[in-house]
Amino acid sequence: MAELVFFSGTMDCGKSTLALQLNHNHRARGRRGLVFTKFDRAGAAVLSSRLGLSQEAIEVDDGLDFWEIVVEQATGGRVIDYLICDEAQFYTPTQVEQLARLVDEMSIDVFTFGITADFRAQLFPGSRRLIELADRTQVPQVEALCWCGKRATHNARVVDGNMVVEGEQVVVGDTAHDSPAVVEYEVLCRRHYMRRMTSHAARAQSLSAEVLPFDLDLCPLPGPRPDRHTAQ
Ligand SMILES: Nc1ncnc2c1ncn2[C@@H]1O[C@H](COP(=O)(O)OP(=O)(O)O)[C@@H](O)[C@H]1O
Ligand SMILES: Cc1cn([C@H]2C[C@H](O)[C@@H](COP(=O)(O)O)O2)c(=O)[nH]c1=O
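Residues numbered from 1 in each chain as written. Chains lettered and ligands numbered in written order. Predicted model: local features only at pLDDT ≥ 70, side-chain atom pairs only at ≥ 80, totals over all residues.

Visitor: Explain the site of ligand 1 residue by residue, including any values.
Guide: In the vicinity of ligand 1, the contacting residues are Met-11, Asp-12, Cys-13, Gly-14, Lys-15, Ser-16, Thr-17, Ser-49, Arg-50, Leu-51, Val-142 and Ala-144. Residues of the shell around ligand 1, tallied by class, amount to five nonpolar, four polar and three charged. (Near = placed C-beta within 6 Å. Nonpolar A, V, L, I, M, F, W, Y, C, P; charged D, E, K, R; others polar.)

Laid out in structure tokens, this is it:
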């Protein structure tokens with residue numbers, strides 16, 4: 001029985017790796033599939049994983065019709081058994097409905113992968129429709145972790161080092177690494193997401209806790225020197 005499956009979680013939890021693995025395993029058994037993605041960080045028409053693997057893919061734009069593509073393939077004698085659809089949060093609700101129709105009317109397995117919610121903790125339209133229509137939603141086995149060690153459940157957007165909760169829903173980017181970008185993302189547990197406590201903010205807070213109370217003679221404050229007995 002064909003299925004519409006939504007593998008969904010935070011950024012960096014292994015979704016694209018799983019997409020590549022599923023494609024590999026199905027192809028290895030002689031099944032014929034098509035691979036789709038949208039706005040992959042590595043560029044157009046490629047599905048890439050942070051583990052270093054990547055594969056050519058069909059780039060999805062808002063006008064792409066999954067039903068038509070598969071019907072065209074079938075008309076040309078190429079029977080399709082399954083679809084791999086990465087970055088599915090960016091697909092339109094209509095495209096998700098086309099995917100569901102392919103499962104029901106053409107018995108094609110459709111494996112979709114995407115983040116559930118955006119940096120404001122609100123569902124992407126594509127993810128919402130997938131949650132509504134999928135036969136099952138599945139959380140990948142490898143957990144992304146918050147800096148505190150708890151399972152990460154939320155995606156924070158960090159702009160110039162500060163967590164933001166307003167802005168465009170779609171800004172392609174990566175999780176923080178050695179060379180910081182203007183816009184980057186950090187996965188957090190809900191508690192630290194709600195407190196806007198990114199790893200950077202936590203480090204800054206623990207540093208200031210270490211420094212205070214400090215010796216004013218060794219580390220003078222700018223401006224007039226406060227009275228040591230009355231300063232708070
Ligand atoms: N250098 C590394 N060595 C081992 N595993 C890594 C390395 N870099 C990334 N990973 C793994 O890859 C995962 C991210 O995979 P990816 O498929 O790109 O995630 P997603 O598509 O969910 O954003 C990380 O959670 C981690 O487990
Ligand atoms: C939270 C959030 C993310 N994005 C973008 C950032 C990345 O390009 C992708 C997620 O890719 P991944 O393979 O799951 O790491 O989505 C965005 O545009 N808006 C957001 O709010």
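Visitor: Run through the sheet that holds strand S5 (residues 58-59), naming residues and quoting values.
Guide: In spatial order, the strands read S5-S2-S6-S7-S1-S8; together these six strands make up an open sheet with parallel pairing. In this open sheet, the two edge strands, each paired with only one partner strand, are S5 and strand S8 (136-138). Looking at chain direction, strand S2 (residues 33-37) and S5 are connected through two bridges and run parallel. Its bridge partner being in S5, Thr-37 is matched across the sheet by Glu-59. (Pairing = 2+ DSSP bridges. Helix = DSSP H or I, 4+ residues; strand = E, 2+ residues; numbered from the N terminus.)

Visitor: With reference to specific residues and values, describe the domain arrangement of the protein chain.
Guide: Considered domain by domain, the protein chain is made up of domain 1 (1-142) and domain 2 (145-213). The centre of domain 1, based on its C-alpha atoms, is set 28 Å off from the matching centre of domain 2. At the junction of the two partners, domain 1 supplies 12 residues and domain 2 supplies 15 residues. Partitioning the side of domain 1 that touches domain 2 into residue classes produces seven nonpolar, one polar and four charged. (Domains from an automatic or database assignment. Contact = placed C-beta atoms within 7 Å.)

Visitor: Before we move on, can you summarise the UniProt feature "binding site: substrate" (unreviewed entry) in the protein chain with the specific residues and values?
Guide: The UniProt record marks Val-170, Val-171, Val-172, Gly-173 and Tyr-185 with the feature "binding site: substrate" (unreviewed entry), using the residue numbering of this structure. These annotated residues cover 16 residues of sequence, and their C-alpha atoms all fall within 12.1 Å of one another, placing them together at a single site. Inspection of the secondary structure assignment puts Val-171 in the loop between strand S10 (162-164) and strand S11 (183-188). The exposure class assigned to Gly-173 is partly exposed, which follows from the 17 C-beta atoms found within 10 Å. Setting aside residues up to four positions removed in sequence, Gly-173 forms contacts with Ala-181, Val-183, Glu-184 and Tyr-185. (UniProt positions renumbered as here; feature names shortened; annotations may be inferred. Buried ≥ 20, exposed ≤ 12 C-beta atoms within 10 Å, placed from the backbone.)

Visitor: Any chance you could break down helix H4 (residues 125-133) for me, citing the residues and the numbers?
Guide: Within H4 the residues assigned to the buried category are Gly-126, Ser-127, Arg-129 and Leu-130. Seen from one end, H4 has its buried residues packed into an arc of 165°, which puts them on one side. (Arc of directions from axis to C-beta.)

Visitor: Explain helix H6 (residues 199-211) to me, and be specific about the residues and the numbers.
Guide: An ideal rise of 1.5 Å per residue puts 18 Å on 13 residues; H6 measures up with 18 Å between its terminal C-alpha atoms. The element H6 is largely exposed, with a buried count of zero among its 13 residues. (Expected span 1.5 Å × (residues − 1).)

Visitor: I'd like a rundown of the sheet that holds S10, residues and numbers included.
Guide: In space, the three strands of this open sheet follow the order S10-S9-S11, with antiparallel pairing throughout. Edge positions in the sheet fall to S10 and S11, since each has one partner strand and no second. Strand-to-strand twist in this sheet, taken as the mean axis angle between neighbours without regard to direction, amounts to 45°. (Axes fitted to C-alpha atoms, helices over the stretch in contact; angles between N-to-C directions.)

Visitor: Describe in detail the site of ligand 2, supporting the description with residues and values.
Guide: Among the 16 residues in the neighbourhood of ligand 2, the closest are listed as Met-11, Asp-118, Phe-119, Asn-155 and Val-172. Within the residue set of the shell around ligand 2, elements represented by two or more residues are helix H1 (15-28) and strand S9 (154-159). Class assignment of the residues belonging to the shell around ligand 2 gives a composition of seven nonpolar, four polar and five charged. Formed jointly, the shell around ligand 2 draws a minimum of three residues from each of two domains, domain 1 (1-142) and domain 2 (145-213).

Visitor: I'd like to hear about the nonpolar core, residue by residue, with values.
Guide: Within the largest apolar cluster, 31 residues are counted, with the highest numbers of intra-cluster contacts made by Leu-83, Cys-85, Leu-99 and Val-110. Every element with two or more residues in this core is listed here: strand S1 (4-9), H1, S2, helix H2 (66-75), strand S6 (82-85), helix H3 (93-106) and strand S7 (109-115). Apart from residues no more than four positions distant in its own chain, Leu-83 is found in contact with Gly-33, Leu-34, Phe-36, Ile-108, Val-110 and Phe-111. One finds Phe-119, Met-163, Val-187 and Leu-188 within the second-largest nonpolar core, a separate group that totals 10 residues. (Core = buried A, V, L, I, M, F, W, Y, C linked by C-beta atoms within 7 Å.)

Visitor: Explain unusual backbone geometry residue by residue, including any values.
Guide: In this structure, Glu-87 takes a positive phi of about 55° despite not being glycine. Structurally, Glu-87 can be placed in the loop between S6 and H3. You can call Glu-87 buried: it has 25 C-beta atoms within 10 Å. The phi dihedral of Ala-121 falls on the positive side, at around 65°, and the residue is not glycine. Relative to the elements of secondary structure, Ala-121 occurs in the loop between S7 and H4.

Visitor: Residues and numbers for the confidence of the model for the protein chain, please.
Guide: Per-residue pLDDT for the protein chain averages 91, and the proportion of residues at 70 or more is 90%. This stretch, residues 219-232, has a pLDDT under 50; its non-local contacts, to residues over four places away or in other chains, come to seven contacts. (pLDDT = per-residue confidence, 0-100.)

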